[in-house]
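Listed here are the chains, written in short residue letters.
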Amino acid sequence: MIESNPTVSVIIPTYNRAGLVGRAIKSALNQTFENLEIIVVDDASIDNTIEVVKGFNDHRIKYIKHENTCGGSAARNTGIRVAQGDFVALLDDDDEWSPEKVEKQIRKFIISSPKIGLVYCGYQYVYQGKVMSDVIPEVRGESYNESLKRCFVGGPTPLVRRVCFNSSGYFDESLPSCQDWDMWIRIAKYYEFEF
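Residues numbered from 1 in each chain as written. Predicted model: local features only at pLDDT ≥ 70, side-chain atom pairs only at ≥ 80, totals over all residues. Heavy atoms only, no water.

1. A closer look at the environment of Leu20
Consideration 1: Summarising the element assignment, Leu20 is placed in helix H1 (residues 18-29).
Consideration 2: Take Leu20: its relative accessible area is 30%, and that puts it in the partly exposed class.
Consideration 3: Placed 72 residues apart in sequence, Leu20 and Asp92 show a C-alpha to C-alpha distance of 9.8 Å.
Consideration 4: Beyond its immediate sequence surroundings of up to four residues, Leu20 is in contact with Asp93 and Asp94. (Helix = DSSP H or I, 4+ residues; strand = E, 2+ residues; numbered from the N terminus. Buried < 20%, exposed > 50% of the residue type's maximum accessible area, 1.4 Å probe, protein only. Contact = heavy atoms within 4.5 Å.)

Structure follows, in structure tokens:
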């Protein structure tokens, strides 16, 4: 059962991307679903990231800075550990969301089985202002076997029940790549997926 107005914790890891992170934050603030906390985890940037984040002056934004660079997985884990929301959304600093993304995902959770732990969506891959491809979701329900074959959940798209991390654990900070794929496989062991 989902309460009528759950809180979503948006985790934005960043490192030396002051020129990009503002766009990601703005796309989170512009969501039609407004019950958000936005946790920007700065992985020891040496540029003016802090000034960009503080420039928004919005009470929903929390800024955390690592003393040393630990990597994207560690930054995501820091955000998840301090998250207060019922759901966790992951947004990389070089990505942005359409305004209704979170609202549509929350609506899907409300009408779905409690077995659903993750709702993802399609996305567009944009390079230098040009749409290079559209990715359309197709896998739903019990997704473990399909998760082993390929990573079908796009990095900036999932909305995850926070309780999923109790079963699956946190992002594996020892992996040099594919940390998100590893996480979706582990969540799929315990929960079903929807889009």
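2. A word on the packing of aromatic side chains
Any pair of aromatic rings gets described here by the distance separating the centres and the angle formed by the planes.
Consideration 1: Inspection of the entire model under this criterion finds five aromatic pairs.
Consideration 2: Arranged with centres 4.7 Å apart and planes meeting at 45°, the rings of Phe87 and Phe109 form a pair that is tilted. Taken together, the residues span a long stretch of sequence, with Phe87 in strand E4 (residues 87-90) and Phe109 in helix H4 (residues 101-111) at a distance of 22 residues. You'll find Phe87 and Phe109 in the same group, each marked buried.
Consideration 3: When the ring centre of Trp97 is taken as reference, the NZ or CZ atom of Lys101 above it lies at 4.3 Å. (Phe/Tyr/Trp six-rings, centres within 6.5 Å; stacked < 30°, edge-to-face > 60°. Lys NZ or Arg CZ within 6 Å of the ring centre and 35° of its normal.)

3. Observations regarding the layout of surface pockets
Rolled over the atoms, a probe as big as a water molecule pinpoints where empty space is left.
Consideration 1: If you add up the space inside the largest pocket, you get close to 1,000 Å³.
Consideration 2: For the largest pocket, the lining is made up of 41 residues, of which Asp95, Glu96, Tyr123, Gln124 and Pro156 are closest to its centre.
Consideration 3: Of all the elements in the fold, those that place two or more residues in the lining of the largest pocket are strand E1 (8-14), helix H3 (72-82) and strand E6 (123-127).
Consideration 4: A class-by-class count of the residues in the lining of the largest pocket yields 17 nonpolar, eleven polar and 13 charged. (1 Å grid on protein atoms, 1.4 Å probe; cavity = no way out; pocket = protein on both sides within 12 Å on 5 of 7 lines; lining within 4 Å. Points joined across faces, edges and corners; volume = space filled by probe spheres on them. Nonpolar A, V, L, I, M, F, W, Y, C, P; charged D, E, K, R; others polar.)

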